[in-house]
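# Analysis of the macromolecular model
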Amino acid sequence: METILFYVFSTFMVVSALMVITVHNPVRAAFFLVLTFFAAAAVWLLLEAEFLAVILIIVYVGAVMVLFLFVVMMLDVNIAELKSGFVKNLPIAVAVALAMFGTIYFVVGGNQFDIHNFVPPARHAADYSNISELGKVLYTEYVFSFEIAAVILLVGIIAAISLTLRRRPNTRHQKVEEQVAVKSTDRLRVVKLEPKERK
Amino acid sequence: MLDLILSIYEIPVINILVKIVAILVPLLLTVAYFTYIERKVIGYMQVRIGPNRVGPRGWLQPIADAMKLMFKEIIFPSGANRVLFIIAPTLAISTALAAWAVVPFGAEMVLADINVALLYILAMTSIGVYGVILAGWASNSKYAIMSTLRTAAQVVSYEIAMGFALVGVVMAARSLNIGEIVMGQSGSGILGWYMWPLLPLFVIYFVSGVAETNRAPFDVAEGESEIVAGFHVEYSGILFAIFFLAEYANMILISVLAALMFMGGWLSPFADVSFLGLGSSFLAGSSIIWLISKTAIFMFLFLWFRATFPRYRYDQIMRLGWKVFIPITIVWIYVVGIMYYMELAPWFTKG
């Protein structure tokens, strides 16, 4: 049963990953990438890594791909222009792809990662919690690398924000603090008017 | 005969299917009558009567509405992507309903008792955004795509505040399992609920929930005064009804989660309060009635907000989410850490 599920989801993953790079429409490509993430999450679930699986969906499907789609939807991508350099760049692309495939085959292929060299990992009991195990390891053994990763991410955030932040002194911005601090007396003046005498 | 039925019920697939039906049928009925109650409540708040023509006191109004929408024609806009046009509402409703799989209705009453329940719900709500995005893009309409961009940005922003608010709950309960979160609030009646130590997070959670579901005062997704009807402007008939259904199912989901995580779920507010002398009577016992009444409070709040608050401006929505809610939640997570460290009774003493 698990093997069947594994093959179903892996086929799904490989096919949708192929679709990502072959479909012409960039928005469809993004949607196929979402499908790829889904299949990957399902495979992780089969490995009893439920925390990673759900986080993959929350972070990549729920946030990253939404922003991707935003950009892709707003850009007016000219498909013909994208395809124009295809023949010209083909030899280089094939060479790079072959080199990468060769490297991967050299490392992963052959006998050393053969399935018969490994004992299948034991199934955990129902009360096994992937999250608490992960938390224990992350906050004790690897706390230093965890913190370094956090700092690098923070630097990334600050860099991204400072890149997009440009001061344009001529634009008229809303001053939120003034809007919040406004009182009814600033906007409204009650004037007492004497009724006019009719002549 | 009874033995036969019981033995059929023992088959795992049948068992799960029966439970799914037992969750979905009351849920969909609630959705239908929630729309009726919404119109009635807002009607009374605005000194109108609301629907009162179909059936006695208008009770058959939601059924009439559903029939009308079902028999209406589905119009595909020219240039629309037909497949994605149909997938979009399907995605919206399926995620809205799938999230209910991990919602417990009692100590043992839960369909899928999983460890990552809270994260699963967050994942489902974040996938729900794709219903909106797909709908806007597949409609091939500029009004729809404008609304899609607004909605997606809003939902993604408020998801962060919501996630941070839930971090506080997880810290207090030391678990992501919703059943364990509820049981972490047991022991001292109404004072044991997490809404007291986590009051800012509780408020932020619910307001973010209102923003997540695109309800007033954050309903710029379909702000009638600016952008016609929003991302589902091109949808008609049953496809529109499905979006409608998903929105209300999500509202009920947010309400039930608020009740479970901050107000003790099915626990009685009078449980273990000795001076009341209720002992083990019905009022002090935990039951699904408590969960339903607590959920009803939040569902009513949704309607109350809609009837009373003017719509936020879009930049104000973004400011509220990013510059007010997220800093407050981060500060309060520190406060929760301190309370945890000091083992503040009665919330942080267990375990």
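Residues numbered from 1 in each chain as written. Chains lettered and ligands numbered in written order. Predicted model: local features only at pLDDT ≥ 70, side-chain atom pairs only at ≥ 80, totals over all residues. Heavy atoms only, no water.

## Focus: the overall build of chain B
The cut-off we apply is this: Where helices and strands are cited, they refer to DSSP runs of H or I of at least four residues and of E of at least two residues respectively, numbered from the N terminus. The quantity called the radius of gyration is restricted to C-alpha atoms. Its globule counterpart is 2.2 Å times the number of residues to the power 0.38. Working rule for contacts: check all heavy atoms of both residues, and any pair within 4.5 Å makes them a contact. Only the protein chains shown count as cover for residues, with accessible areas throughout obtained via the Shrake-Rupley method and a probe of 1.4 Å. When charges are counted, Lys and Arg contribute as positive and Asp and Glu as negative, whereas His and the chain ends are disregarded. Every charge is mapped onto a representative atom, which is NZ of Lys, CZ of Arg, CG of Asp or CD of Glu.
Helix and strand counts for chain B come out as 11 helices and zero strands. Overall, chain B shows an N-to-C arrangement of helices and strands of α-α-α-α-α-α-α-α-α-α-α. Taken against the 2.2 N^0.38 rule, which gives 20 Å for 351 residues, the C-alpha radius of gyration of chain B at 21 Å falls within 12% of a compact globule. Put simply, of all contacts in chain B between residues at least 6 apart along the chain, 77% involve residues at least 24 apart. Roughly 16,300 Å² of accessible area belongs to chain B as shown, and the carbon and sulfur atoms make up 71% of that amount. Separation of charge centres in chain B, based on 20 positive and 19 negative side chains, amounts to 10 Å.

## Description of helix α1 (residues 2-22) of chain A
To keep things clear, this is the line we draw: What a helix should span is 1.5 Å times the count of its residues minus one.
If you check α1 of chain A, its first and last C-alpha atoms are 30 Å apart, about what 21 residues at 1.5 Å a residue would give, namely 30 Å. Here the buried face of α1 of chain A lies against α2 (26-46) of chain A.

## Points about the interface of chain A and chain B
Keep this limit in mind: In this description, buried area is defined as the sum, over both parts, of the accessible area (probe of 1.4 Å) that is lost when the two are combined. For this analysis, a salt bridge means a side-chain nitrogen from Lys or Arg found within 4 Å of a carboxyl oxygen belonging to Asp or Glu. We define a polar contact as two N or O atoms separated by no more than 3.5 Å, with the added condition that, inside protein, one atom must be a possible hydrogen donor and the other a possible acceptor, whereas residues neighbouring each other in sequence contribute only through side-chain atom pairs. Each residue is assigned to one of three groups, with Ala, Val, Leu, Ile, Met, Phe, Trp, Tyr, Cys and Pro labelled nonpolar, Asp, Glu, Lys and Arg labelled charged, and all others, Gly among them, labelled polar.
Contact with chain A, which involves 27 residues of that partner, is made by 25 residues of chain B. Carbon and sulfur atoms supply 77% of the area that chain A and chain B bury against each other, a total of about 2,100 Å² over both sides. Together, F31, F70 and M73 of chain A form the three largest contributors to the area buried by chain A at its contact with chain B, with a combined 24%. Taken together, the connections running from chain A to chain B amount to zero salt bridges. One can count two residue pairs in polar contact (both at pLDDT 80 or more) joining chain A with chain B. Broken down by secondary-structure element, the contributors of at least two residues to the side of chain A that touches chain B are α2, α3 (50-74) and α8 (176-181) of chain A. Within the side of chain A that touches chain B, the residues separate by chemical class into 20 nonpolar, five polar and two charged.

## Concerning the environment of G50 of chain B
Residues and elements named next belong to chain B. Residue placement: G50 occurs in the loop between α2 (12-45) and α3 (61-71). For the pair G50 and I93, spaced 43 residues apart in sequence, the C-alpha separation works out to 27 Å. Apart from residues lying up to four places away in sequence, G50 is in contact with R39 and K40.

## Comments concerning the nonpolar core
Inclusion rule: By convention a nonpolar core is built from buried Ala, Val, Leu, Ile, Met, Phe, Trp, Tyr and Cys residues, the set being connected through side-chain atoms within 4.5 Å. Relative accessible area decides the class of each residue, using a 1.4 Å probe on protein chains only: under 20% of the type maximum gives buried, over 50% gives exposed, and in between gives partly exposed.
Counting 121 residues, the largest nonpolar core has F31 of chain A together with W100, Y205, L260, M261 and F262 of chain B as the members making the most contacts within it. It is helix α5 (residues 117-138) of chain B that provides the largest number of residues to this core, a total of 17 residues. With sequence-adjacent residues up to four places away left out, M261 of chain B is seen in contact with L118, L166, V169, I181, Q185, Y194 and Y205 of chain B.

## Focus: the confidence of the model for chain B
Quick reminder of the rule: As a per-residue measure, pLDDT reflects the predictor's confidence and takes values from 0 up to 100.
Summarising the model, chain B shows a mean pLDDT of 87, and 95% of its residues fall at 70 or more. For chain B, per-element mean pLDDT is lowest for helix α1 (residues 2-10) of chain B, which scores 80, and highest for helix α8 (residues 199-212) of chain B, which scores 93.

## Some words on the packing of aromatic side chains
Residue and element names in this part refer to chain B. Just so we agree on the cut-off: Aromatic pairs are defined between Phe, Tyr and Trp rings, using the six-membered ring for Trp, whenever the two ring centres lie within 6.5 Å; interplanar angles under 30 degrees are classed as stacked, those over 60 as edge-to-face, and all others as tilted. Only lysine NZ and arginine CZ atoms are considered, and such an atom sits over a ring when it is within 6 Å of the ring centre and within 35 degrees of the ring normal.
By the definition in use, this model includes 28 aromatic pairs over all chains. Among the aromatic residues, ring-to-ring pairing joins F202, Y205, F206, F262, F298, F302, F305 and F309 into one connected group. When the ring centre of F76 is taken as reference, the NZ or CZ atom of R82 above it lies at 4.1 Å.

## Quick look at the environment of G264 of chain B
Residue and element names in this part refer to chain B. Tracing the backbone shows G264 in the loop between α9 (237-262) and α10 (288-308). Taking relative accessible area as the criterion, G264 reaches 0% and is therefore assigned buried. The contacts of G264, once residues within four sequence positions are left out, are V182, Q185, W193, A259 and K294.

## A short note on the packing of helix α4 (residues 82-98) of chain B against α9 of chain B
All names here are of chain B. To keep it simple, the criterion reads: To obtain an axis, a line is fitted to C-alpha atoms, over the contacting stretch when the element is a helix, and the angle between two such axes runs from 0 to 180 degrees between their N-to-C directions. Roughly parallel here means an angle under 35 degrees, roughly antiparallel means over 145, roughly perpendicular means 65 to 115, and every remaining angle is called oblique. For any helix crossing, the convention is left-handed if the near helix is rotated counterclockwise from the far helix by under a right angle, and right-handed if that rotation is clockwise.
Here α4 crosses α9 at 25 degrees, and the two axes come no closer than 9 Å. Accordingly, the angle class assigned to the pair α4 and α9 is roughly parallel. The two elements α4 and α9 cross, and the hand of that crossing is left-handed. In this structure, α4 contributes F85, I86, A88, P89, A92, I93, A96 and L97 to the contact, and α9 contributes L239, I242, F243, L245, A246, A249 and N250. Classifying every residue of the contact of α4 with α9 by side-chain character gives 14 nonpolar, one polar and no charged.

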